[in-house]
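Each chain is listed here by its residues.
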Amino acid sequence: QAACLITDSPAALFAMMEEQTQRIQSCVGMELDTVERKNTVCQYTIMSTELLVIEDTFEDPRSSSNPLIREGNIRFYAGVPLMDEDGDVLGTICVIDFQPKSLSDRQKHLLEELGVGVTKILLGKKRKRQAGYFSEIFQLTNNVICVLDQDCQIKDVNPAFTNVLGISRSESIA
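Below: a short report on this structure. (Residues numbered from 1 in each chain as written. Predicted model: local features only at pLDDT ≥ 70, side-chain atom pairs only at ≥ 80, totals over all residues. Heavy atoms only, no water.)

### With respect to the pattern of salt bridges
Next up, step 1: A complete count under the given rule lists seven salt bridges for this structure.
Next up, step 2: Where D56 meets R75, a salt bridge forms, and the shortest distance between an N and an O atom there is 2.9 Å. Within this pair, whereas D56 is found in the loop between β4 (52-54) and α3 (67-72), its partner R75 is found in the loop between α3 and β5 (76-83), the two being separated by 19 residues in sequence.
Next up, step 3: Among the salt bridges present, the one from K155 reaches D149, with a minimum N-O distance of 3.8 Å. (Salt bridge = Lys/Arg side-chain N within 4 Å of Asp/Glu carboxyl O. Helix = DSSP H or I, 4+ residues; strand = E, 2+ residues; numbered from the N terminus.)

Shown next, in the form of structure tokens:
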């Protein structure tokens, strides 16, 4: 909805691209769950590191023969890639309109900033999942694990560490 308000567009979506499918995570102004990747304009957004704006999709060679664009009478597209710190694209936020138009520099900037904010949320959720996974492995593995600080002082040990070495956690930690 924020993307619609920023760009004065009737529809927007947040999507994750899979190998053959674009899976819609959130959609405003349209009813979509999935789209074949080959029929998405977002495929061009994820190939870039920048905002993609197509002011008239019927005139642009990337979208002019796309059946989804033609059948839906989608005339305007703007999409921003959501990239992690390694440059891998996680998904896209895009807006569409049913008439050709352009965006002001301010609208473009705000749409890009929205993308940065959504990316931070996605990465925070990913890190939380990874931390939970590490914590579970840390507790359950039979491998001896100790966590060291920058001065190589022991900050934490797992149950396998205390079992194998026969010392308590409190005796192990510096």
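Once the structure has been displayed, the description carries forward.
### Here's the deal with the packing of aromatic side chains
Note on aromatic pairs: each is described by the distance of the centres and the angle between the planes.
Next up, step 1: Summed over all chains, the structure comprises one aromatic pair.
Next up, step 2: Between F134 and F138 the ring centres are 5.7 Å apart and the planes differ by 35°, which places this aromatic pair in the tilted class. Placement of the pair is F134 and F138 together in helix α4 (residues 105-140), with a separation of four residues, close to one helical turn.
Next up, step 3: Of the residues examined, F134 reaches a relative accessible area of 45% and is grouped as partly exposed.
Next up, step 4: Positioned above the aromatic ring of F58, the side-chain terminus of R70 is 4.0 Å from the ring centre. (Phe/Tyr/Trp six-rings, centres within 6.5 Å; stacked < 30°, edge-to-face > 60°. Buried < 20%, exposed > 50% of the residue type's maximum accessible area, 1.4 Å probe, protein only. Lys NZ or Arg CZ within 6 Å of the ring centre and 35° of its normal.)

### Here's the deal with the sheet that holds strand β6 (residues 89-97)
Next up, step 1: The strand order across the open sheet built from six strands is β3-β2-β1-β6-β5-β4, with neighbouring strands paired in antiparallel fashion. Each having just a single partner strand, β3 (34-36) and β4 make up the two edges of the open sheet. The average undirected angle you get between the axes of adjacent strands in this sheet is 25°.
Next up, step 2: Along the sheet, α4 contacts β1 (11-17), β4, β5 and β6; its crossing angle with β5, the most-contacted strand, is approximately 40°. (Pairing = 2+ DSSP bridges. Axes fitted to C-alpha atoms, helices over the stretch in contact; angles between N-to-C directions. Contact = heavy atoms within 4.5 Å.)

### What about unusual backbone geometry?
Next up, step 1: Here N73, not a glycine, exhibits a phi torsion of approximately 55°, which is positive.
Next up, step 2: Along the chain, N73 turns up in the loop between α3 and β5.
Next up, step 3: Here the phi dihedral of C152 falls at roughly 65°; this positive angle occurs in a residue that is not glycine.
Next up, step 4: Note that C152 resides in the loop between β7 (146-148) and β8 (154-157).
Next up, step 5: Judged by its relative accessible area of 58%, C152 falls in the exposed class.

### A few points about a nonpolar patch on the surface
Next up, step 1: A cluster of nonpolar side chains, V144, V164, L165 and I167, forms an exposed patch at the surface whose accessible area comes to about 330 Å².
Next up, step 2: The topology assignment puts V164 in helix α5 (residues 159-165). (Patch = residues over 30% accessible without salt bridge, like charges linked within 9 Å, V, L, I, M, F, W, Y side chains within 5 Å. Areas by Shrake-Rupley, 256 points an atom, 1.4 Å probe, with all protein chains shown as cover.)

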